[in-house]
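A look at the structure
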Amino acid sequence: MKKNSSSSPSIGQAVYLVSLGCSKNLVDTEVIAGVLLTSGRTLAFDPDEADLYIINTCAFIPAARSEAQSAIEEALEWKSEKPERIVVVAGCLTEWDKSGDYRKKYPEIDLWTGVNDVDTIAALLDKQSALANSEKPIWLYDHTTPRLLLTVPHMAYLKIADGCDNCCSYCAIPGIRGALRSRNIASVVAEAKNLVSAGVKELLIIAQDITAFGTDRIADGENIVDLLKELDAIPGDFVIRLLYTHPAHYSDEFIDFMARTDTKVLPYLDIPLQHINDRILSAMGRKVTKSQTVELLKKLRKKIKDLTIRTTFITGFPGETEEEFEELVEFMKTQNFERCGVFPYSPEPGTPAAKMPNQIPEQIAENRAKKLMTLQKKIMKKANRDWIGREVCMLIDEVDGKVAIGRSMMDAPEIDNRIFLPNAKKIKVGNFCRVRITDADSYEYIAEQVTALKST
Ligand code: SF4
C-alpha cells in the first residue's frame, strides 16, 4: 500500500462493498459502511466509480470459500486496470485463513481485516496497516457504532450476540468468530428504538444461537426473555422475528413467553435440528436427544398458536448409515415442518467431525439431501395449499407495476416463501395489509387483497 502524507482519509474515497454470507455478516458489512461514511468516504454502487473495493467474506463451508475466492478474483481484475486501486478482504475468510494460504495466494490484496476490525477498518486504511490485528475475535458492535442499513428500509437485522460456545463437532464458526459474547439489553433496545423510529417494520433478531443470549454474562442476570420483553415494550407498529435458536436451550420461561399472543414477537421459530438419530446427535455434539427433541416440538405445537417452525438438517454426517438416514426421513414425515433446509455434510478442516472415521462419500450425502428436500417440498406444498381461502397479514417487500410481492408472518426474508399479490391497490413497500390466499405451491402463494392497509 502506498503511503500518503495527508492526515485526512487518504486511502479509498469512494468505496464499493460486497457482502457475502449470512445476515450476521451483513450486519458487519452495514457497520463497515457506516464507519466508512463517518470517516468522510462515500459509497459507490458501481465498482468503476470506486477506488476502494471491500469484500466482507464468509468462510463457513467450502462453497462459501469458493464464492469468496471468485469475489477476490473479480476485485483483483478491477484493480489490474488501475494499480493504485485498493482491495480489502474483510471478515470470516481472514479469520479462517490461519495458515496464511489465502494471503500467499493473493499477495496483491492491500489489506486483510478480521472480525475484530469491523469498526476500525477506516482507521486501518488511514494508517495503511499491511495486516490487521490477529487477536482472538472479541469485537461486538453496540448502539453507538455507525451502521448503514443495506436491506430494504422496512426491515433490519438486530445482532444481539456474536460468537458461539456450543462447539458442534462439524462447525467452524467458534474458530472463526470466537466465543459467545452478548450485548447488554440496554444497547440492543437503544438500537431497536432507533431502527423503529427510522421506519423499520420487521426486526429480525439474530446471533449464532439467540437462546444462549446472556449466558456468557450470568452475573448481569439478563436472558433472552428479559430482552424480548423490553423489545416488545417499544411503542410502534412493527413485528419481531426470532432466528437461530438451539433446541437444547429452550426454557419454560421462553416457551411461555412465545405462547403469549399479545406481543409483537411472531409465532415463528427457527430451530436447526440437524439430525434426529441419537448416535448422530451425540457425535454432532448437539446436547439433545431424539426424545427430548420430540418432547420439545410437542410442547411448542401445543402451547404456541399458529406456530411456524423452520429447521435445517445435515445429511451424510460421518458414519451415517442408511438406517439412520431413514430414521430422519421418517421423522420428517411425522413432523411436517412448515419450512426446512437440508445440507449435505462437508468436512471442515480443524473441526472434530472432519477427523471422524467413516466419512460418507460426497455423492451419497448429496443424494440423501436431495431425497429429503423432495419430501419436504411435498410436505410444504400440502401445508401451503391448506392456507387457500384463509386470510393472512402480509408485509410488502416490493412493488413491481401492479404486482406487490411480500411475505406473511410465517415467512422470513430471503429463506422462506413469498406472496404475490396481483392488482395491488394503494399499497406501498413497507406496508402491512390483509390478503386472502387464492393459490399456493411449495414456495409461493398467490393472494387477493382484502384491505388496502391494516396493522399486524
Ligand atoms: S450452535 Fe453449533 S452449528 Fe450453530 S454456530 Fe454454534 S457451533 Fe456452529
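Whatever comes next refers back to the structure up there.
First things first, this report covers the structure right here in the doc. On a predicted model such as this, the values are computed, not experimentally measured, just so you know.

1. Re helix H12 (residues 322–335)
- Between the first and last C-alpha of H12 there are 20 Å, a value that for 14 residues agrees with the 20 Å anticipated at 1.5 Å per step.
- Residues Glu 324, Phe 325, Leu 328, Val 329, Phe 331, Met 332 and Gln 335 constitute the buried set of H12. Along H12, the residues classed as buried sweep out an arc of 160 degrees about the axis, all on the same side. Residues of H12 that are exposed and angled more than 90 degrees away from the buried face: Glu 323 and Thr 334.
- Those residues of H12 that are buried lie in contact with helix H10 (278–284), helix H11 (290–303), strand E12 (308–315), strand E13 (339–344) and helix H13 (362–385).
- Residue Asn 336 follows H12 closely and has a positive phi angle near 50 degrees.

2. Observations concerning the pairing of E13
- Looking at chain direction, E12 and E13 are connected through 6 bridges and run parallel. Each bridged residue has a counterpart across the sheet, and for Arg 310 the counterpart in E13 is Arg 339.
- Remark: the E12/H12/E13 crossover connection has right-handed handedness.

3. Remarks on the side chain of Arg 310
- Among the structural elements, Arg 310 can be located in strand E12.
- Once residues lying within four places of it in the same chain are set aside, the contact partners of Arg 310 are Tyr 268, Leu 269, Asp 270, Ile 271, Arg 339, Cys 340, Gly 341, Ile 415 and Asp 416.

4. Here's the deal with the nonpolar core
- If you look at the biggest cluster of nonpolar residues, it comprises 92 residues, and the most contacted ones within it are Ile 54, Leu 231, Leu 242 and Leu 269.
- Per-element tally for this core: the top contributor is helix H1 (residues 23–38), with 7 residues.
- Judged by nonpolar contacts, the second largest core, of 25 residues, contains Ala 68, Leu 76, Val 89 and Leu 93.

5. Here's the deal with the sheet that holds strand E18 (residues 444–449)
- The 5 strands lie next to each other as E14-E15-E16-E18-E17, forming a closed barrel whose pairing is mixed. Adjacent strand axes in the sheet meet at a mean angle of 50 degrees, parallel and antiparallel pairs treated alike.
- With 3 bridges joining them, strand E15 (residues 403–408) and strand E16 (residues 418–421) adopt antiparallel strand pairing. Each residue of the ladder has a partner; that of Ala 404, found in E16, is Leu 421.

6. Observations concerning the packing of aromatic side chains
- On inspection of all chains with the given rule, the structure shows 9 aromatic pairs.
- Note on Tyr 16 and Tyr 53: the rings are 5.1 Å apart at their centroids and 65 degrees apart in plane angle, and the pair reads as edge-to-face. Of this pair, Tyr 16 sits in strand E1 (residues 14–19) while Tyr 53 sits in strand E3 (residues 52–57); the two residues are 37 residues apart in sequence, bridging distant segments of the chain.
- Look at Phe 317 and Tyr 345: their rings are 5.4 Å apart centre to centre, the planes differ by 70 degrees, and that puts the pair in the edge-to-face class. With Phe 317 in the loop between E12 and H12 and Tyr 345 in the loop between E13 and H13, this pair connects stretches of sequence that are 28 residues apart.
- By relative accessible area, Phe 317 is classed as buried at 0%.
- Taken together through their ring pairs, the aromatic side chains of Tyr 16, Tyr 53 and Trp 78 make up a single cluster.
- The side chain of Lys 24 reaches across the aromatic face of Tyr 244, ending 4.0 Å from its centre.

Rules and cut-offs
Residues numbered from 1 in each chain as written. Predicted model: local features only at pLDDT ≥ 70, side-chain atom pairs only at ≥ 80, totals over all residues. Heavy atoms only, no water. Helix = DSSP H or I, 4+ residues; strand = E, 2+ residues; numbered from the N terminus. Expected span 1.5 Å × (residues − 1). Buried < 20%, exposed > 50% of the residue type's maximum accessible area, 1.4 Å probe, protein only. Arc of directions from axis to C-beta. Contact = heavy atoms within 4.5 Å. Pairing = 2+ DSSP bridges. Right-handed = clockwise from strand over helix to strand, strands pointing away. Core = buried A, V, L, I, M, F, W, Y, C linked by side-chain atoms within 4.5 Å. Axes fitted to C-alpha atoms, helices over the stretch in contact; angles between N-to-C directions. Phe/Tyr/Trp six-rings, centres within 6.5 Å; stacked < 30°, edge-to-face > 60°. Lys NZ or Arg CZ within 6 Å of the ring centre and 35° of its normal.

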